[in-house]
Amino acid sequence: MHLSQIVFYLSLVIALGPVVLSDQETHQQPSATSPEDTEQCATCDVRQQIKTMRLNAIKSQILSKLRMKEAPNISRDTVRQLLPKAPPLQQLLDQYDVLGDDNRDVIMEEDDEHAVTETVMMMAGEPESNVQMDGEPKCCFFSIAQKFQANRIVRAQLWVHLRPSDEATTVFLQISRLMPVTDGSRHIRIRSLKLDVKAGVSSWQSIDVKQVLSVWLRQPETNWGIEINAFDSRGKDLAVTSSQPGEAGMQPFLEVKISEGPKRPRRDSGLDCDENSPESRCCRYPLTVDFEDFGWDWIIAPKRYKANYCSGECEYMHLQKYPHTHLVNKANPRGTAGPCCTPTKMSPINMLYFNREEQIIYGKIPSMVVDRCGCF
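Residues numbered from 1 in each chain as written. Predicted model: local features only at pLDDT ≥ 70, side-chain atom pairs only at ≥ 80, totals over all residues. Heavy atoms only, no water.

Engineer: Got a sec to walk through the environment of Ile 50? Specific residues and values, please.
Structural biologist: Take Ile 50: it is sitting in helix α2 (residues 35–65). Along the primary structure Ile 50 and Tyr 309 are separated by 259 residues, whereas in three dimensions their C-alpha atoms are 7.8 Å apart. Dropping the residues within four chain positions of it, Ile 50 is found in contact with Tyr 309, Cys 310 and Ser 311. (Helix = DSSP H or I, 4+ residues; strand = E, 2+ residues; numbered from the N terminus. Contact = heavy atoms within 4.5 Å.)

Laid out in structure tokens, this is it:
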């Protein structure tokens, strides 16, 4: 064999070698999707559909349980303006910050006979013109909902912010009931509080008005509003009763706490599955609801919470509990619907939100968290 022929054959082998090897590798590789992968992908698709349906259901449930036809049209800027910077609200917000969204170790028993306390925070409005003289006073009127019942009021506190004094002084915080001008005297003092304040220090002060609120509830026609004054030793009024520059969120507000009974703690339980798990059995999967994604700025806290959802097959449970139906379904799977994976235990969440009257409500929304799943 001539040298030129040897070189030609070597060149041919080198040129064809990679093609042959590549073809062999192609035949050796498994198919892109095996039956198991296809089944897992289908399971993931089903879970995603269930998650979407659960989120839509949660939106509808919240509005329904709050007796709202639609979400309040309150923007984020409006929320910032309306939120009082007072201790009770800050304590609630701090509570959410400390607990976070993942603290579900102890939850409240969902029980129709045992409800939790609800707190309502009402911002001060302007009184009717017939109790004013020369447009004064500008504060304060509180619209009391008739759903309140006097015997269920645990506490009613009026919160007033005091401007800083130039010197250490004694302040007399006075609450007077307003009456129509035609009825004679407009000022009927109902509560007073003596305070010692330091120089240059502003503060929030609260005064008990439970008795006043009880009268308003029993006799709504007597609620014309109140006037608030906080005079120092020189006769200067330190009470913030109208919105001045730099005093946003400092207006007076009424905090009413209503109780309907005790609450019973219990431990959470249930079979959990990881979202990426190939498991097909019925169990609980994680789902976080983000109210900011909804565009619901009217919900103050929590901004998000763990709702969870149920998904999976009930074949094993079906076989154990309903053997006859199981056999019928096997013979005619399209003709009969057996038990499905569904929540068997749900618990409430506590929510801080604005209602349509721009009042701040802190209350319990029942059946918002899936605690346990089962086949029914």
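Engineer: Provide a residue-level description of the sheet that holds strand β7 (residues 226–231), including the pertinent values.
Structural biologist: Overall, antiparallel pairing links the three strands, which are arranged β5-β4-β7 in an open sheet. Two strands bound the open sheet, and with one partner strand each, they are β5 (188–197) and β7. Averaged over all pairs of adjacent strands, the angle between their axes in this sheet comes to 15°, without regard to strand direction. Pairing geometry for strand β4 (residues 169–177) and β7, over six bridges, is antiparallel. (Pairing = 2+ DSSP bridges. Axes fitted to C-alpha atoms, helices over the stretch in contact; angles between N-to-C directions.)

Engineer: Would you mind going over the confidence of the model for the protein chain in detail, with residue names and values included?
Structural biologist: Per-residue confidence for the protein chain gives a mean pLDDT of 76; residues scoring 70 or more make up 70%. A low-confidence stretch, residues 99–115 stays under pLDDT 50, and its non-local contacts, those more than four residues away or across chains, total 44 contacts. For the stretch residues 316–336, pLDDT sits under 50, and the model shows 16 contacts to residues farther than four places along the chain or on other chains. (pLDDT = per-residue confidence, 0-100.)

Engineer: Quick rundown of the state of the cysteines? Include the residues and the values.
Structural biologist: Across all of its chains, the model carries four disulfides by this definition. Two residues share a disulfide in this structure: Cys 310 and Cys 373, whose sulfurs sit 2.0 Å from each other. Residues Cys 310 and Cys 373 are joined through a disulfide that is left-handed, its torsion about the S-S bond being -85°. One end of the pair, Cys 310, is in strand β14 (residues 309–311); the other, Cys 373, is in strand β16 (residues 360–375), with 63 residues separating them in the sequence. For the pair formed by Cys 310 and Cys 373, the shared burial category is buried. Between Cys 314 and Cys 375 runs a disulfide, and the two sulfur atoms are separated by 2.0 Å. What sets the handedness of the Cys 314 and Cys 375 disulfide is the S-S torsion sign, and at about -90° it is left-handed. In this pair, Cys 314 is assigned in the loop between β14 and α7 (315–321) and Cys 375 in strand β16, connecting sequence segments 61 residues apart. Neither residue differs from the other here; Cys 314 and Cys 375 are each classed as buried. We note that Cys 340 lacks a disulfide partner, and the nearest cysteine sulfur, in Cys 314, lies 6.6 Å from it. (Disulfide = S-S within 2.5 Å. Buried < 20%, exposed > 50% of the residue type's maximum accessible area, 1.4 Å probe, protein only.)

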